[in-house]
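# Tertiary structure, described
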There are 2 protein chains.
Amino acid sequence: MGRYLTNIPLEEGLNRYLQEIKYLNPLKSEYIDIDKCLNKVTSSAVYANLSSPFYNCSAMDGVAVKSSSTFMANEQNIVSLKDQEDYIEVDTGDPIPKEFDAVIMVEDLLEKENGIIKIYKPAIPWQHIRCLGEDIVESEMIVPSFHKIRPQDIGAMISAKVEKVKVFKDFKVGIIPTGTELIDRHKVPKIGDIIEFNSKLFEGLLIGYEAVPVIYPIVEDNYEKIKESVLNAINECDMVLINAGSSQGREDYTHDIIDEIGAVLIHGLAIKPGKPAILGHGQNKPIIGIPGYPVSAWVVLENIVKPIINELTYKENKKNQSIEATLSKRVMSSLKYEEFVRVKIGNINGNYIATPVKRGAGTVTSLVNADGVIKISQNIEGIDEGSKVEVELLNDLYGIDKTIVSIGSHDLVMDLINDELTKSSFGKVKLSSTHVGSFQGILSMKKGECHISPIHLFDVESETYNEAYIKKYIEEDMALIKLVKRTQGIIVKKGNPLNIKSIYDLVDCRFINRQNGSGTRILFDYLLQKENIKKSKINGYEREEFTHMSIAKAIQNDDADCGIGVYSAAKVFDLDFIPICEEEYDLLIKIKDLEADFTKDLLKIINGKIFKDKVNKLGGYNLEDSGNIMIYNYNIEN
Amino acid sequence: MGRYLTNIPLEEGLNRYLQEIKYLNPLKSEYIDIDKCLNKVTSSAVYANLSSPFYNCSAMDGVAVKSSSTFMANEQNIVSLKDQEDYIEVDTGDPIPKEFDAVIMVEDLLEKENGIIKIYKPAIPWQHIRCLGEDIVESEMIVPSFHKIRPQDIGAMISAKVEKVKVFKDFKVGIIPTGTELIDRHKVPKIGDIIEFNSKLFEGLLIGYEAVPVIYPIVEDNYEKIKESVLNAINECDMVLINAGSSQGREDYTHDIIDEIGAVLIHGLAIKPGKPAILGHGQNKPIIGIPGYPVSAWVVLENIVKPIINELTYKENKKNQSIEATLSKRVMSSLKYEEFVRVKIGNINGNYIATPVKRGAGTVTSLVNADGVIKISQNIEGIDEGSKVEVELLNDLYGIDKTIVSIGSHDLVMDLINDELTKSSFGKVKLSSTHVGSFQGILSMKKGECHISPIHLFDVESETYNEAYIKKYIEEDMALIKLVKRTQGIIVKKGNPLNIKSIYDLVDCRFINRQNGSGTRILFDYLLQKENIKKSKINGYEREEFTHMSIAKAIQNDDADCGIGVYSAAKVFDLDFIPICEEEYDLLIKIKDLEADFTKDLLKIINGKIFKDKVNKLGGYNLEDSGNIMIYNYNIEN
């Protein structure tokens, strides 16, 4: 259809939309039992049906008396009172009969024997009595309207004999997943199918916005069928989200359907990701078109759907918790859009460091792995490395503070360390691993972005691992925690159908490479050079993956014939493996951090039996130096 | 039993207790459907069952090609490709068949006609293809153990074909209300009954702690019956709260029952309120004795039960949101206890002012009306007026910021203003009224604790209202918003059985007075003096209540024969009324605030028809000057 999308700034578009729709369809209210009212919002003030207390009662353990019969008592004139006539015994909370008007505490009785008490001072009228209505007087207001009901409000209402309260009804939001390629998550997916999961992502987010989500069945890309589903949902709900079909492709019907049912107010916002959002309404209720990519959808829910719901349910549009952090890398941004950049955050010696993660809007794991989001205004072209940025948190700050940040090379043993750390600390210590390769790891350590860097960097000159790189790139005093020696080799298909035996045989195969800067790439380049094989001879040299697992999976799937990686990855996917060499995979750490808690936590795991057993089970590792610490202290050395 | 209670500091006691119980009974885990896992905590890491995408697919709309068949293409050498042989059409997300290894975007095609495309540059292998596993590789970890599951985690898990996850089971907390005087909230209460509401207060708090509350039936004060209920609950739950019987009275069995079932570790903490808490365990599960007064109970739940649950469910013990505020009055505190003082908070021109509310541990409304809590350490004797204090919030800061703070005299018209303000602003503006009497209202205004003060202060010398007091007590330029003239008089029982006609007739009746500093008290004292009646002649002169409603309710209940108050209060309780005079009830405000938003909001209500109609319906009010503004500008006057 080639429809033209507008590029309206988010805030302007949202405000324009809210102005149009805020009074269209006010939220209904209902009387509900007090049992069900927690966290609901009152639509009318609640008044007391009964005073609390609803009778005069004793505030102390003691005796109830007529104050007039005590007025003469003093230390010279001890007064005696008779049980059931002049006084009765009362415990705290006991009702005070009409004929009495004061309580004397048990401690203030001179004597109490055989139904006679003796007192030496007068009782002031109404002393130690909790009078009727002391807490609440019948007909008094307990909570006003538009009040979110808390546990203490329920307590007060029950004590005032309130049984039902008038509250705003749940705000129901219909979710309609559309797309011929979508299948229900319970079905077995075939090639070409996409397992529908956005509706469950939306459901969780909507619960967080205190709305009630209703997921409708998947609808194929058919104008009439989608329209029918929207009409049905708009009848049953207070708002409808259509996912997706919000763009301008051949089968993107959302715009025209909203237009037919009601009106599209805005199509296209200056945000990235999330641009092709549609803001419309029908039957006086909001209908929103949500883009299909999960990250785009997430941005639209958080920044458009959430404020709309808050406005229509009379709630504050609360910001998520945010912190100030230092950006570890320059981030570029387009002047055409406000951009939402997901970042990981590490607390490195008390400084929050934010490191951007992959930007693809299709990768839902980028939302899983990110700790927060940076918003870059439309009028900014980018943010420099080292700048202070505001980060809206996706994770608990407490969790972030307790997380050991690892940036560098990937190996399965890092996952084992993570799992053991978490389990042994009952979730109080975690490990966050970013896989950027050994060389980037060293640079990250130098910049103070991480606590540890797992590295395996082969130095061609000295034919040793790691030490040469540390000395060359970092001026600070460093240490290496020796972790594992691991076997690198050629990963090939099960049964090795191409009969690959050495690096020579890689020529003419479909190869899959690791990214530049990874230790494995450096090793491979060294091997090619040593054997005098030109890179251009390797079919697939340019095709890069970031982990051993991705290499192995691609080979298992017959997208490539071979790649370089560790034995354990080949084993996971049941592939064959031709060993080439044993390399040293170690943890780089600052000397000044050797005494830090996180180092102790790590060493406890690394030196523990459980970890060693699990590493041995993976296969292809040698633990002979594991846990040893090498010190690179330049002051001593020079 | 006269058991001796210890006085252990809260933190010390809690830490000692947690050390004893934290490993006793680790939380069980279970596999649950992914539909039900939002906000649950994983007990095992979750791994991908399927890669995402699980096939190579197109990242663009275009054509899939064999890259080898495009290598020769350049601007001098246009290459033609045939549909279904050399290329196929693909949309974004479409699978790429095995024979193809690159996608050319539709924009990069020179021509497309009759099943033939023409290209002018080669396709790099794997360009514009989202490779299998780009987001998630099968067998990769999606989330670690001890991870609280968020919406995006559910999205990622579904896309990786995860159907069940292993999470920690719900933490069930049994609540046992005990007490012979307690009745179920659905029953009709008789004198001496107490409507049981603590269990519902606890239930709401426990839901906030992410535990699952189970309320057991009320048990009378009987050792064997309570024991039986506790044994039953400890079998079914992970923790049990017994309410109350935690003190040392005749029928306080909680200590001995816990001791019999398991062990009491601590009985008595240095906190106020909440001292007689009992921390024990049985069958390796915590059993806690909670005091009976609602505020004491609330303190014990927030400060003891919550951290215990967080520890046993492996969660952070998050503090409630807190702000810094200025204390408006000196607060005294005992060196014996850490004290928890409830305060109201007002945002007065950008400064948060905290004003303590009634301290009685029995008044659940003090928790309803408070905006926050101040903790006063045990080693501090009190905090001076004007000190900065940390306030843990019980209410939304947003709500506090939007609240007009009124401190001064009480009248029903203030409730009407509150209700109208809230309704007309959809809950965005509220009024918080504290009833301390007119004179304290003037002092609060002088100290900057409030936005407005409702006052009706009769000046004996000039025989006029309000102006003389303002000039005498406040140096700043002030204004009065004229609100209502209201009829004060003598409130007597229905039918006026004592035939009271004037102030003279109050002698020898049972009178109930208003508190010192209230406008009504000042009026009454003036009337007595004018008529030459001695205060000592008035039976009940010393008995003080804080509102017109309390006076009227006491008379209705035959706790007094008469009192002074407004007509509207007499009318609410269907009492008789002997008019004495008409007085001026006005809102005191600073001149500099006359242009403030809150003043505009107030004036809009006061000048509106709805408000006037409702006031007239109450009866006893005269609105002739309502909404007029009197200016007291000393610079102009002097």
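Above this text is the structure in question.
The notes below deal with the structure included here. A quick note: this is a predicted structure, and the numbers were derived from the prediction, not measured. (Residues numbered from 1 in each chain as written. Chains lettered and ligands numbered in written order. Predicted model: local features only at pLDDT ≥ 70, side-chain atom pairs only at ≥ 80, totals over all residues. Heavy atoms only, no water.)

What follows covers the sheet that holds strand β18 (residues 263-267) of chain A. All names here are of chain A. Here six strands make up an open sheet; going across it, the order is β16-β13-β17-β21-β20-β18 and the pairing mixed. On the outer flanks of this sheet lie β16 (212-215) and β18, each paired with one strand and no other. Adjacent strand axes in the sheet meet at a mean angle of 20 degrees when their direction is disregarded. Bridge count for strand β17 (residues 239-243) against strand β21 (residues 285-290) is four bridges, and the pairing is parallel. When the bridges of β21 are listed, Leu241 appears paired with Ile288. Against the sheet, helix α4 (residues 223-236) contacts β13 (172-177), β17, β20 (278-282) and β21, and its axis sits at roughly 135 degrees relative to β21. (Pairing = 2+ DSSP bridges. Helix = DSSP H or I, 4+ residues; strand = E, 2+ residues; numbered from the N terminus. Axes fitted to C-alpha atoms, helices over the stretch in contact; angles between N-to-C directions. Contact = heavy atoms within 4.5 Å.)

Before going further, it helps to spend a moment on the packing of helix α4 (residues 223-236) of chain B against helix α5 (residues 254-261) of chain B. All names here are of chain B. For the pair α4 and α5, the least separation of the axes is 10 Å and the interaxial angle reads 50 degrees. The angle between α4 and α5 places the two elements in the oblique class. Remark: the crossing between α4 and α5 carries right-handed chirality. Listed contacts from α5 to Tyr223, Ile226, Lys227, Val230 and Leu231 of α4 are Asp256, Ile257, Glu260 and Ile261. Across the contact of α4 with α5, the residue classes tally to six nonpolar, no polar and three charged. (Parallel < 35°, antiparallel > 145°, perpendicular 65-115°, else oblique. Left-handed = near helix turned anticlockwise from the far one by under 90°. Nonpolar A, V, L, I, M, F, W, Y, C, P; charged D, E, K, R; others polar.)

So, on to the pairing of strand β35 (residues 511-514) of chain B. Residue and element names in this part refer to chain B. Relative to strand β37 (residues 562-566), β35 is paired through two bridges, and the arrangement is parallel. By the bridge assignment, Phe511 is partnered in β37 with Cys562. Taken together, the two bridges between β35 and strand β36 (residues 544-545) define a ladder with parallel strand orientation. Each bridged residue has a counterpart across the sheet, and for Arg514 the counterpart in β36 is Glu545.

Our focus in this paragraph is the environment of Ile234 of chain B. All names here are of chain B. Note that Ile234 resides in helix α4. Sequence separation between Ile234 and Lys285 is 51 residues; the distance between their C-alpha atoms is 7.3 Å. Leaving out residues up to four positions away in the same chain, Ile234 has contacts with Val240, Gly282, Gln283, Lys285, Pro286 and Ile287.

As a further point, take the relation of the copies chain B and chain A. Mapping chain B onto chain A calls for a screw motion: a turn of 180 degrees about the axis and a shift of 0.1 Å along it, with 0.2 Å RMSD after fitting. What the superposition gives is, in effect, a two-fold axis relating one chain to the other. By C-alpha distance to the rotation axis, the residue of chain B lying nearest is Gln321 of chain B, at 5.6 Å. An overlap of 100% is found between the interface residues of chain B and their copies at the interface of chain A, pointing to a shared contact surface. (Least-squares fit on C-alpha atoms with pLDDT ≥ 70 in both.)

Moving on, we get to helix α15 (residues 597-606) of chain A. Residues and elements named next belong to chain A. Looking at α15, one finds that the buried residues are Phe598, Thr599, Leu602, Leu603, Ile605 and Ile606. Looking down the long axis of α15, one finds its buried residues gathered within 160 degrees of arc, a one-sided arrangement. Away from its buried face by more than 90 degrees, α15 exposes Asp597 and Lys604. Where α15 is buried, its residues touch β29 (403-408), α9 (412-424), β34 (478-492), β38 (576-590), α16 (609-618) and β40 (629-632). (Buried < 20%, exposed > 50% of the residue type's maximum accessible area, 1.4 Å probe, protein only. Arc of directions from axis to C-beta.)

Moving on: helix α12 (residues 519-530) of chain B. For the α-helix, the turn length of 3.6 residues means that residues three or four positions removed from each other point alike. Residues and elements named next belong to chain B. The first and last C-alpha atoms of α12 sit 16 Å apart over twelve residues, in line with the 16 Å expected at 1.5 Å per residue. Burial runs high along α12: nine of the twelve residues are buried. Listed as buried for α12 are Gly519, Thr520, Arg521, Ile522, Leu523, Phe524, Tyr526, Leu527 and Leu528. Backbone geometry just after α12 places Asn532 at a positive phi near 65 degrees. (Expected span 1.5 Å × (residues − 1).)

All names here are of chain B. On the basis of which strands lie adjacent, the open sheet formed by six strands has the order β16-β13-β17-β21-β20-β18 and mixed pairing. If you trace the sheet from one side to the other, it starts and ends with β16 (212-215) and β18 (263-267), each paired once. Geometrically, the sheet is characterised by an average inter-axis angle of 20 degrees between neighbouring strands, direction not taken into account. Judged from the five bridges that link them, strand β13 (residues 172-177) and strand β17 (residues 239-243) form a sheet pairing that is parallel. Paired with Ile175 across the strands is Leu241, a residue of β17. Sheet strands in contact with helix α6 (residues 294-312) are β13, β17, β20 (278-282) and β21 (285-290), and its direction is about 175 degrees off that of β21.

Following the sequence through the fold, Arg543 of chain B ends up in the loop between α12 and β36. Asp559 of chain B provides the closest opposite charge to the buried, unpaired Arg543 of chain B, separated from it by 4.5 Å. (Lys, Arg positive; Asp, Glu negative; His and termini not counted. Salt bridge = Lys/Arg side-chain N within 4 Å of Asp/Glu carboxyl O.)

Given two aromatic rings, one states the distance between the centres and the angle between the planes to describe the pair. Tallied over the full model, the rule gives 28 aromatic pairs over all chains. Measuring from centroid to centroid gives 5.3 Å for Phe146 of chain A and Tyr314 of chain A, while their planes differ by 85 degrees, and the two rings are edge-to-face. One end of the pair, Phe146 of chain A, is in the loop between β11 (141-143) and α2 (151-159); the other, Tyr314 of chain A, is in the loop between α6 (294-312) and β22 (322-327), with 168 residues separating them in the sequence. Exposure class is identical for Phe146 of chain A and Tyr314 of chain A. Each is buried. Between Tyr567 of chain B and Phe577 of chain B the ring centres are 5.4 Å apart and the planes differ by 75 degrees, which places this aromatic pair in the edge-to-face class. Taken together, the residues span a long stretch of sequence, with Tyr567 of chain B in helix α14 (residues 567-572) and Phe577 of chain B in strand β38 (residues 576-590) at a distance of ten residues. One aromatic cluster is present, built from ring pairs that chain together Phe146, Phe168 and Tyr314 of chain A together with Phe426 of chain B. The ring centre of Trp126 of chain B lies 3.4 Å from the NZ or CZ of Arg543 of chain A, which sits over that ring. (Phe/Tyr/Trp six-rings, centres within 6.5 Å; stacked < 30°, edge-to-face > 60°. Lys NZ or Arg CZ within 6 Å of the ring centre and 35° of its normal.)

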